[in-house]
Amino acid sequence: QVQLVESGGGLVQPGGSLRLSCAASGFAFSSYSMSWYRQAPGKERELVAAITITGNTNYADSVKGRFTISRDNVKNMVALQMNSLKFEDTAVYYCRTMLLSRTYWGQGTQVTVSS
């Protein structure tokens, strides 16, 4: 079955960096786009970054220039490098893919930016 397992979240000070990873299994990873979403307390889940099967990327305006999404089709992993973190980046971050019109989510990993 499709599984997405995120890791790498934690507590970081403003201006710091974190690298999130999502390990995918149960499907032909290299054939599907992958994305990262986040959900802050009291807010709707929002798209952070996405990467296509050809490596094209797009980002939310709020993270452009600070976050980088990448994928490793050998290891079946997608990563999110987050630099220059801000208080407003605090959220649960989710890995997502869509197969045959069905959406799959990971369990999420908490990122807290605090001094």
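Residues numbered from 1 in each chain as written. Predicted model: local features only at pLDDT ≥ 70, side-chain atom pairs only at ≥ 80, totals over all residues. Heavy atoms only, no water.

Things to note about the environment of alanine 24
Phase 1 of the analysis: In this fold, alanine 24 is placed in strand E3 (residues 18–25).
Phase 2 of the analysis: According to the relative accessible area criterion, alanine 24 is buried, its value standing at 9%.
Phase 3 of the analysis: Not counting the four nearest positions on each side in its chain, alanine 24 is found in contact with Gln3, Leu4, Phe29 and Asn76. (Helix = DSSP H or I, 4+ residues; strand = E, 2+ residues; numbered from the N terminus. Buried < 20%, exposed > 50% of the residue type's maximum accessible area, 1.4 Å probe, protein only. Contact = heavy atoms within 4.5 Å.)

A few points about the side chain of arginine 66
Phase 1 of the analysis: Tracing the chain through its elements places arginine 66 in the loop between strand E6 (57–59) and strand E7 (67–72).
Phase 2 of the analysis: Take arginine 66: its relative accessible area is 10%, and that puts it in the buried class.
Phase 3 of the analysis: At 2.8 Å, the side chain of arginine 66 and the backbone oxygen of serine 62 are in polar contact.
Phase 4 of the analysis: Of the polar contacts made by the side chain of arginine 66, one reaches the side chain of aspartate 89; its length is 2.7 Å.
Phase 5 of the analysis: Beyond its immediate stretch of four places on either side in the chain, arginine 66 contacts Gln81, Met82, Asn83, Ser84, Leu85, Lys86 and Asp89. (Polar contact = N/O pair within 3.5 Å; in protein donor to acceptor, adjacent residues only side chain to side chain.)

Focus: the nonpolar core
Phase 1 of the analysis: By size, the foremost hydrophobic cluster in this structure holds 31 residues, and its most contacted members are Trp36, Val78, Leu80, Met82 and Tyr93.
Phase 2 of the analysis: Of all the secondary-structure elements, those providing two or more residues to this core are E3, strand E4 (34–39), strand E5 (46–51), E7, strand E8 (77–82), strand E9 (91–99) and strand E11 (109–113).
Phase 3 of the analysis: Dropping the residues within four chain positions of it, leucine 80 is found in contact with Leu18, Arg19, Leu20, Trp36, Val48, Ala49, Phe67, Thr68, Ile69 and Tyr93. (Core = buried A, V, L, I, M, F, W, Y, C linked by side-chain atoms within 4.5 Å.)

What to know about the pattern of salt bridges
Phase 1 of the analysis: Per the counting criterion, the structure on display carries 4 salt bridges.
Phase 2 of the analysis: We note a salt bridge from aspartate 89 to arginine 38, for which the minimum N-O separation is 2.9 Å. In this pair, aspartate 89 is assigned in the loop between E8 and E9 and arginine 38 in strand E4, connecting sequence segments 51 residues apart.
Phase 3 of the analysis: Residues aspartate 61 and lysine 64 are paired through a salt bridge, measuring 3.1 Å at the closest nitrogen-oxygen approach.
Phase 4 of the analysis: Residues participating in the shared-partner salt-bridge network are Arg38, Glu46, Arg66 and Asp89. (Salt bridge = Lys/Arg side-chain N within 4 Å of Asp/Glu carboxyl O.)

Quick word on the packing of aromatic side chains
Any pair of aromatic rings gets described here by the distance separating the centres and the angle formed by the planes.
Phase 1 of the analysis: Here the structure, examined in full by the defined rule, presents 4 aromatic pairs.
Phase 2 of the analysis: An angle of 70° between the planes, with centres 5.9 Å apart, marks the rings of phenylalanine 27 and tyrosine 32 as edge-to-face.
Phase 3 of the analysis: Since its relative accessible area comes to 24%, tyrosine 32 is described here as partly exposed.
Phase 4 of the analysis: Ring centres 5.0 Å apart and planes at 80° place the aromatic pair tyrosine 37 and tryptophan 105 in the edge-to-face group. Taken together, the residues span a long stretch of sequence, with tyrosine 37 in strand E4 and tryptophan 105 in strand E10 (residues 102–105) at a distance of 68 residues.
Phase 5 of the analysis: Ring pairing ties together the aromatic residues Phe27, Phe29 and Tyr32, which thus form one cluster.
Phase 6 of the analysis: When the ring centre of tryptophan 105 is taken as reference, the NZ or CZ atom of arginine 45 above it lies at 4.5 Å.
Phase 7 of the analysis: Note that arginine 71 overlies the ring of phenylalanine 29, its terminal NZ or CZ placed 4.5 Å from the centroid. (Phe/Tyr/Trp six-rings, centres within 6.5 Å; stacked < 30°, edge-to-face > 60°. Lys NZ or Arg CZ within 6 Å of the ring centre and 35° of its normal.)

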